Amino acid sequence: MAGRIGALLLGAGLSWLAAGPAPAAPSASPASAAPASAASCRPQSHEGQAYAVCTVDLRRARVKLFWRGPDGLPYGSLSRLAGQQGANLAFAMNAGMYDTGLSPVGLYVEDGRELKAANTANGPGNFHLKPNGVFYVAGDRAGVLETGRYLKAHPRAEFATQSGPMLVINNRIHPKISEDGPSQKIRNGVGVRPDGHTAVFAISEAPVSFGAFARLFRDALGCPNALFLDGSVSSLYAPSLGRQDLSRPLGPLVGAVTK
């Protein structure tokens, strides 16, 4: 299980990783040219694996991060978030790694306020597999950047969450992710298409390798940069798919809401 850091970090070691040459970038992706509705989820298969994919056009819907509810306590579950947001919430999923108090492990920005600073330390587990990265939203645009690049660029993000590792970096798979390592987990992540207006979230329906999950974003979803959010705790709320996953307590959440 991923989602905890230090002695409490949940996630296997790095035995599933092996450095190797990154595959060449694809010349084109049918998904990258597909028009996106405001915020929609659909089933998709790639390399024989099944996924749920949720796409948001930020010009027509908002992507927001949620950590604490009106009572100041962490939401802790997708069902509580859905109950608070009501019909405005098109979908939601867990949004990055967290500690035992359900606090973000790395950078966390909500409504323009930095509630947790960026974490640039070295350490064990998936989060510290450098380069890790940041998913952020600024107005009707979004991005996924390596943490160092994000800190240098310092975009005026309304929402941002740091997680790791990066899955895809400028159309190349993270150099320490093997093509198909032995670790198989249910995983979720996020990527952004080249137009900068389209954020794409995905969760596997069954355990998959890091390599297969990274190739989904690069080759099938048309995302030149993508970020791993978590594994094992990965959960989805998507009424259009009849999904309201039950899971252990969750830290930060991300969702699409109507403007």
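Being a predicted model, the structure only gives us computed values, none of them experimental.

## Quick notes on the pairing of strand 13 (residues 198-204)
Piece 1. Of all seven residues in strand 13, seven are buried; the element is thus mostly enclosed.
Piece 2. What you see with strand 13 is no split at all: Thr198, Val200, Ala202 and Ser204 on one side and Ala199, Phe201 and Ile203 on the other are buried throughout.
Piece 3. Judged from the seven bridges that link them, strand 2 (residues 49-57) and strand 13 form a sheet pairing that is antiparallel. Note that in strand 13 the partner of Asp57 across the bridge is Thr198.
Piece 4. With five bridges joining them, strand 12 (residues 187-192) and strand 13 adopt antiparallel strand pairing. Residue pairing for strand 13: Val190 is matched across the bridge by Phe201.

## Here we look at the state of the cysteines
Piece 1. Tallied over the entire structure, the rule returns one disulfide.
Piece 2. Covalently, Cys41 is tied to Cys54 through a disulfide, its sulfur atoms 2.1 Å apart. Judged by the sign of its S-S torsion, about 110°, the bond between Cys41 and Cys54 is right-handed. In this pair, Cys41 sits in strand 1 (residues 39-46) while Cys54 sits in strand 2, placing the two residues 13 residues apart along the sequence. Take Cys41 and Cys54: they sit in the same class, and that class is buried.

## Considering the sheet that holds strand 4 (residues 89-94)
Piece 1. Pairing is antiparallel across the open sheet formed by five strands, whose spatial order is 3-17-4-15-16. Every other strand in the sheet has two partners, leaving strand 3 (61-66) and strand 16 (243-244) as the edge strands with one partner each.
Piece 2. Pairing between strand 4 and strand 17 (residues 253-258): five bridges, direction antiparallel. In the strand pairing of strand 17, Met93 is matched with Val254.
Piece 3. Lying on the sheet, helix 2 (residues 78-85) is in contact with strand 3, strand 4, strand 15 (236-238), strand 16 and strand 17; it crosses strand 4 at an angle near 155°.

## Digging into the sheet that holds strand 11 (residues 172-173)
Piece 1. Strand order in the open sheet made by the seven strands is 1-2-13-12-14-10-11, with antiparallel pairing throughout. Of all the strands in the sheet, the pair left with one neighbour each is strand 1 and strand 11.
Piece 2. Pairing geometry for strand 1 and strand 2, over eight bridges, is antiparallel. Its bridge partner lying in strand 2, Pro43 is registered against Ala52.

## Structural notes on the nonpolar core
Piece 1. Core analysis: the biggest nonpolar cluster contains 31 residues, and Val56, Val63, Phe91, Phe135 and Phe201 have the highest contact counts within it.
Piece 2. Excluding residues that lie within four positions of it along the chain, Phe135 makes contacts with Val63, Ala142, Gly143, Val144, Phe159, Ala160, Thr161, Val190, Val192, Ala199, Phe201 and Leu227.
Piece 3. Core analysis: the second largest hydrophobic core is formed by 23 residues, Met97, Ile173, Val208 and Ala220 among them.

## Topic: the pattern of salt bridges
Piece 1. Counted according to the given criterion, the structure contains eight salt bridges.
Piece 2. Notably, a salt bridge pairs Glu158 with Arg62, separated by 3.3 Å at the nearest N-O pair. A residue pair is termed long-range when its members are at least 10 positions apart, and Glu158 in the loop between helix 3 (147-153) and strand 9 (159-163) and Arg62 in strand 3 qualify at 96 residues.
Piece 3. Arg243 serves as the salt-bridge partner of Asp245, at 2.8 Å between the closest nitrogen and oxygen.

The rules behind the values
- Residues numbered from 1 in each chain as written.
- Predicted model: local features only at pLDDT ≥ 70, side-chain atom pairs only at ≥ 80, totals over all residues.
- Heavy atoms only, no water.
- Buried < 20%, exposed > 50% of the residue type's maximum accessible area, 1.4 Å probe, protein only.
- Helix = DSSP H or I, 4+ residues; strand = E, 2+ residues; numbered from the N terminus.
- Pairing = 2+ DSSP bridges.
- Disulfide = S-S within 2.5 Å.
- Contact = heavy atoms within 4.5 Å.
- Axes fitted to C-alpha atoms, helices over the stretch in contact; angles between N-to-C directions.
- Core = buried A, V, L, I, M, F, W, Y, C linked by side-chain atoms within 4.5 Å.
- Salt bridge = Lys/Arg side-chain N within 4 Å of Asp/Glu carboxyl O.

Such coordinate-based values are descriptive only and should not be taken to indicate function.
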